[in-house]
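The lines below spell out each chain.
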Amino acid sequence: MPGDKLALAKEEQSIVELVAPIDGTIMDVNAYVGAAVGTASIITLADLENLQIESYLDESDLDKASVGNEAEVVFDALPDQTFKGKVVTVSPGLATVSNVQAVKVIVILA
């Protein structure tokens, strides 16, 4: 009975509800209808109101990496524009990036 299958599908669909931890814009979906998904992330969600930059500074610039410091960001694609921001996170350890020790910082753009 086709009507029963449709009703069952609608009932099952109403049970599945995804709730995001933040308000935002869906940037990417890595799944398709009918696909089996596990525990890996399948949706990329971005908060376009509070843009963040993850950056790596050479360890010699560690003295400039303090939470609360102001930051100026220039993108290669927009070399004539400077964006202002504030450092909100400084990683407590060093990361190796291209065989160089670096400090990871997160900057929120104003």
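In the block above lies the structure referred to throughout.
Residues numbered from 1 in each chain as written. Predicted model: local features only at pLDDT ≥ 70, side-chain atom pairs only at ≥ 80, totals over all residues. Heavy atoms only, no water.

A.B. asks: Just to check I follow, could you spell out the pattern of salt bridges for this structure?
C.D. replies: Any two side chains of opposite charge can pair, on the condition that their charged atoms come close. Within the structure shown, the criterion is met by 4 salt bridges. In this structure, the salt-bridge partner of K64 is D63, at a minimum N-O distance of 3.9 Å. The exposure class assigned to D63 is exposed, which follows from its relative accessible area of 59%. Residues joined by salt bridges that share partners form a network here, namely D61, D63 and K64. (Salt bridge = Lys/Arg side-chain N within 4 Å of Asp/Glu carboxyl O. Buried < 20%, exposed > 50% of the residue type's maximum accessible area, 1.4 Å probe, protein only.)

A.B. asks: I tried to follow unusual backbone geometry on my own but got confused; where do I start?
C.D. replies: For S98, which is not a glycine, the phi torsion comes out positive at approximately 55°. Looking at where S98 falls in the secondary structure, it is placed in the loop between β5 (78-97) and β6 (100-109). Among the residues examined, S98 registers a relative accessible area of 66% and is labelled exposed. Its identity is not glycine, yet N99 carries a phi of approximately 65°, on the positive side. Here N99 lies in the loop between β5 and β6. (Helix = DSSP H or I, 4+ residues; strand = E, 2+ residues; numbered from the N terminus.)

A.B. asks: It is not clear to me how the nonpolar core should be interpreted in this structure. Could you clarify?
C.D. replies: General note: in soluble globular proteins, nonpolar side chains tend to be found buried as a group. In this structure, I53, A65, A71, V73, V87, V103, V105, V107 and L109 together form the largest nonpolar core, which totals 9 residues. Looking at this core, the elements that each hand over two or more residues are β4 (70-75) and β6. Ranked by residues supplied to this core, first place goes to β6 with 4 residues. Residues within four places of I53 in sequence aside, it is in contact with F75, V105, I106, V107 and L109. (Core = buried A, V, L, I, M, F, W, Y, C linked by side-chain atoms within 4.5 Å. Contact = heavy atoms within 4.5 Å.)

A.B. asks: Where do I start with the sheet that holds β4 in this structure?
C.D. replies: One key point about sheets: their strands pair by backbone hydrogen bonds, in either a parallel or an antiparallel sense. Sheet architecture is open: 4 strands sit in the order β3-β6-β5-β4, paired in antiparallel fashion. What marks the edges here is a single partner per strand, and that holds for β3 (52-58) and β4. Taking each pair of neighbouring strands and ignoring which way they run, the sheet shows an average axis angle of 50°. As judged from the 5 bridges shared by β4 and β5, these two strands associate in the antiparallel manner. In the strand pairing of β5, E70 is matched with K86. (Pairing = 2+ DSSP bridges. Axes fitted to C-alpha atoms, helices over the stretch in contact; angles between N-to-C directions.)

A.B. asks: Even after reading the chapter, I still don't get the packing of aromatic side chains, so can you show me in this structure?
C.D. replies: What characterises a pair of aromatic rings is the spacing of the ring centres plus the angle enclosed by the ring planes. Applying the stated rule across the entire model yields 1 aromatic pair. Judged by centre distance (5.5 Å) and plane angle (70°), the rings of F75 and F83 are edge-to-face. Relative accessible area serves as the criterion here: at 27%, F83 is assigned to the partly exposed category. (Phe/Tyr/Trp six-rings, centres within 6.5 Å; stacked < 30°, edge-to-face > 60°.)

A.B. asks: Would you mind showing me how to read the environment of D58 here?
C.D. replies: Within the element layout of this structure, D58 appears in strand β3. When the C-alpha atoms of D58 and V100 are compared, they prove to be 7.5 Å apart, with 42 residues separating the residues in sequence. Apart from residues lying up to four places away in sequence, D58 is in contact with V100 and Q101. Side chain to side chain, D58 and S60 meet in a polar contact 2.6 Å long. (Polar contact = N/O pair within 3.5 Å; in protein donor to acceptor, adjacent residues only side chain to side chain.)

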